[in-house]
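# Structural features, examined
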Amino acid sequence: MTSVQVEHHSDGNEAVQGGEGYKRGLGARQIQMIAIGGAIGTGLFLGAGKGISKAGPSLILAYAVAGFVIFLIMRALGELLMYRPVSGSFSEYAREFIGPFAGFVTGWTYWLFWVVTGITEVTAAAAYMTYWWDIPQWLSALVFTVILYGANLISVKLFGELEFWFSMVKVTAIIGMILICAGILTIGFSDAGDTASLAHLWNDGGFFPHGVGNSLMTLQMVMFAFLAVELVGVTAGESKDPKTVLPRAINTVPWRIAVFYVGALIMILSVVPWTAFQPGVSPFVAAFQKMGLAAGAGIVNFVVLTAALSSCNSGMYSTGRMLRDLALNSQGPKFFTKLTPSGTPLVGTTFSAALMLVGVWINYQWPGKAFDYVVSFATISGMWAWIVILISQIRYRAKSDRGELPRSEFRAPGAPFASWFALAFIALVIVLMGVDKDARISLYCAPVWAVILGVGYAVLRRRNPEAAAFHKR
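Residues numbered from 1 in each chain as written. Predicted model: local features only at pLDDT ≥ 70, side-chain atom pairs only at ≥ 80, totals over all residues. Heavy atoms only, no water.

### Considerations on the overall build of the chain
Broken down by element type, the chain carries 18 helices and zero strands. Expressed as a percentage of its 473 residues, the buried residues of the chain come to 58%. Counted over contacts in the chain with a minimum sequence separation of 6, partners at least 24 positions apart contribute 80%. Counting only carbon and sulfur atoms, one obtains 68% of the accessible surface of the chain, whose full area is about 18,000 Å². (Helix = DSSP H or I, 4+ residues; strand = E, 2+ residues; numbered from the N terminus. Buried < 20%, exposed > 50% of the residue type's maximum accessible area, 1.4 Å probe, protein only. Contact = heavy atoms within 4.5 Å. Areas by Shrake-Rupley, 256 points an atom, 1.4 Å probe, with all protein chains shown as cover.)

Right, dumping it as structure tokens:
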């Protein structure tokens, strides 16, 4: 990634070579699925069980409200992408509209976010394999990491193809569940047919069975489920037609959330009363069991396996590009700029994959609190990217309205007020994280990381003044 603006040439080569040295190998089909898959992960397939037991049917409202805020964030990102579609994405916009230090912090923080996420997801994927076979977890983790690493180095097109099929599995699973539940509600087949009813949404204590306060506390886990939805912005420099494809992908956010989160939960909670769900148990597994489908657990295990591999695949993709963007802006080692002949960041991807393997080994050897502290950092670091997107969009909009910068072709609706509202919502979530003793640890990690970055930036700026300068290439 770099600050080079994507150039539109009239010689027809743009579909092959990007303005940043990358190959434009991601087509509309792949970008759409990357956008869809980024919003669907283990937070829905596994984590929703805890949310249901805590908030009951009101979890549906939490997903709807948070989903609306996510749409505002994505539209803010879309406005920036159409102004300057670069692979550095929000790190590059932070550098331009907030300052070089903000770009430095955003780039390294987002890189660490995906390294940590990759470690946890590949470890989880290895654990999921033991459901079918008695395979050592370290061996499965090693094989998965090597395969995804190789796919990411071969070409961006192969990365996109893998992500397409990973996302297809998740989408098919959710749509299949919705159709089965709809059939039970209308026709009444399966073991759940006699008791299934939409009335489950307001019976058993009402829509807010544990009060509005407990429902509010679920917002943090709901927002965590949406982490990585911004990944579509990192693909800007490698999309074949970013001016057309990216707006379409972003505009699908509302219906994706409406169908895959709100719709799926309405169907599941209509078939199975919310009181039947337990923390740590997938609501999909519980629903399958209630329907009398014994294969449900195996199906969900396969789906969460693909969700974990999808997340790790995305981590491989984004970390190499974020490191290259930092290096090209003199905020990281120069050797991270190296590309393979196919246009993928060789050194950055290799370095990140190696750290993921080391992390898997550490997690296996010492699965204690220290590793949990690092993992908890993922939540606050992911939301930092959203904060940067919103602040950058607010400042860009002000400059474009004054005529200092060209107007984006894809303006965010309601801005800047909508962006300020989204920032206020994120602030509320952070406050709720501070109130919840289980989530508070995320806030403890942030100051430590901030000190490390502050010291690193001071040393870097002293050695290389270019690190503190923004050059729009």
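### Some thoughts on the packing of aromatic side chains
Enumeration according to the criterion identifies 23 aromatic pairs in this entry. A cation sits over an aromatic face here: Arg-75 above Phe-410, 4.0 Å from the ring centre. (Phe/Tyr/Trp six-rings, centres within 6.5 Å; stacked < 30°, edge-to-face > 60°. Lys NZ or Arg CZ within 6 Å of the ring centre and 35° of its normal.)

### Description of the nonpolar core
Of all hydrophobic cores here, the largest spans 143 residues; its most connected members are Tyr-63, Ile-70, Ile-73, Tyr-110, Ile-174, Phe-226 and Trp-386. Non-local contacts of Tyr-63, meaning those with residues more than four positions away in its chain, are made with Gly-43, Ala-48, Val-222, Ala-225, Phe-226, Ile-257, Tyr-261 and Leu-265. (Core = buried A, V, L, I, M, F, W, Y, C linked by side-chain atoms within 4.5 Å.)

### Overview of the packing of helix H13 (residues 283–291) against helix H14 (residues 296–328)
The interhelical angle for the contact between H13 and H14, taken along N-to-C directions, is 160°, at an axis separation of 8 Å. What the angle tells us is that H13 and H14 run roughly antiparallel. As for the relative orientation of H13 and H14, their crossing is right-handed in sense. In this structure, H13 uses Phe-284, Val-285 and Phe-288 to contact H14, whose residues at the interface are Gly-296, Ala-297, Ile-299 and Val-300. Partitioning the contact of H13 with H14 into residue classes produces six nonpolar, one polar and no charged. (Axes fitted to C-alpha atoms, helices over the stretch in contact; angles between N-to-C directions. Parallel < 35°, antiparallel > 145°, perpendicular 65-115°, else oblique. Left-handed = near helix turned anticlockwise from the far one by under 90°. Nonpolar A, V, L, I, M, F, W, Y, C, P; charged D, E, K, R; others polar.)

### Digging into the pattern of salt bridges
One pass over the structure, following the stated rule, counts eight salt bridges. Note that Arg-84 and Glu-96 form a salt bridge whose closest N and O atoms lie 2.8 Å from each other. Here Arg-84, found in the loop between helix H4 (59–83) and helix H5 (89–97), pairs with Glu-96, found in helix H5; they are twelve residues apart in sequence, far enough to count as distant. By relative accessible area, Arg-84 is classed as buried at 0%. Residue classification places Glu-96 among the buried residues on the basis of a relative accessible area of 15%. (Salt bridge = Lys/Arg side-chain N within 4 Å of Asp/Glu carboxyl O.)

### Overview of the packing of helix H11 (residues 242–251) against helix H12 (residues 253–271)
Packing of H11 against H12 brings their axes to within 5 Å, and their N-to-C directions diverge by 35°. Contacts from Ala-249, Ile-250 and Asn-251 in H11 reach Val-253, Pro-254, Trp-255 and Arg-256 in H12. Classifying every residue of the contact of H11 with H12 gives five nonpolar, one polar and one charged.

### Thoughts on the side chain of Glu-96
A polar atom in the side chain of Glu-96 sits 2.5 Å from the side chain of Tyr-83. Polar side-chain contacts of Glu-96 include one of 2.8 Å to the side chain of Arg-84. (Polar contact = N/O pair within 3.5 Å; in protein donor to acceptor, adjacent residues only side chain to side chain.)

### What to know about helix H18 (residues 441–463)
Taking 1.5 Å as the rise per residue, H18 with 23 residues should run 33 Å; its terminal C-alpha atoms sit 34 Å apart, in good agreement. Among all positions of H18, only Ile-441, Ser-442, Cys-445, Trp-449, Leu-453 and Tyr-457 are buried. (Expected span 1.5 Å × (residues − 1).)

### Considering the confidence of the model for the chain
Considering every residue of the chain, the mean pLDDT works out to 82; 88% of them sit at 70 or more. Confidence scores differ between elements of the chain, with helix H1 (residues 28–38) showing the lowest mean pLDDT of 72 and helix H17 (residues 417–435) the highest of 93. Low confidence marks residues 1–19, where pLDDT is under 50. Its contacts with residues over four positions away, or in another chain, come to 60 contacts. (pLDDT = per-residue confidence, 0-100.)

### Details of a nonpolar patch on the surface
A contiguous nonpolar patch, built from Trp-138, Leu-139, Leu-142, Val-143, Val-146, Ile-147, Leu-357 and Tyr-364 and spanning about 710 Å² of accessible area, is present on the exposed surface. Of all the secondary-structure elements, those providing two or more residues to the nonpolar patch are helix H7 (137–154) and helix H15 (346–365). (Patch = residues over 30% accessible without salt bridge, like charges linked within 9 Å, V, L, I, M, F, W, Y side chains within 5 Å.)

### A few points about H5
Residue pairs three or four apart in sequence face the same way in an α-helix, which turns once every 3.6 residues. With nine of nine residues buried, H5 is to be regarded as a mostly interior element. The complete set of buried residues in H5 reads Ser-89, Phe-90, Ser-91, Glu-92, Tyr-93, Ala-94, Arg-95, Glu-96 and Phe-97. Taken from the residues just after H5, Gly-99 is the one with a positive phi, measuring 150°.

### A look at unusual backbone geometry
The general pattern is negative phi for most residues beyond glycine and trans for most peptide bonds. Between Ala-415 and Pro-416 the backbone carries a cis peptide bond, its omega angle lying at 5°. A positive phi angle, near 60°, is found at Ser-330, a position not held by glycine. Tracing the sequence through the fold places Ser-330 in the loop between H14 and H15.

### Concerning the environment of Pro-247
Secondary-structure assignment places Pro-247 in helix H11. Sequence separation between Pro-247 and Glu-409 is 162 residues; the distance between their C-alpha atoms is 9.6 Å. Look past the residues within four positions of Pro-247 in its chain and what remains in contact with it is Met-82, Pro-242 and Phe-410.

### Section: the side chain of Ser-215
By the secondary structure assignment, Ser-215 is in helix H9 (residues 211–217). Here Ser-58 takes part through its side chain, which lies 2.6 Å from a polar atom of the side chain of Ser-215. Residues within four places of Ser-215 in sequence aside, it is in contact with Ala-55, Ser-58 and Phe-208.

### A word on the environment of Ile-441
Mapped onto the secondary structure, Ile-441 falls in helix H18. Linking Ile-441 and Phe-377, residues 64 residues apart in sequence, is a C-alpha distance of 7.9 Å.

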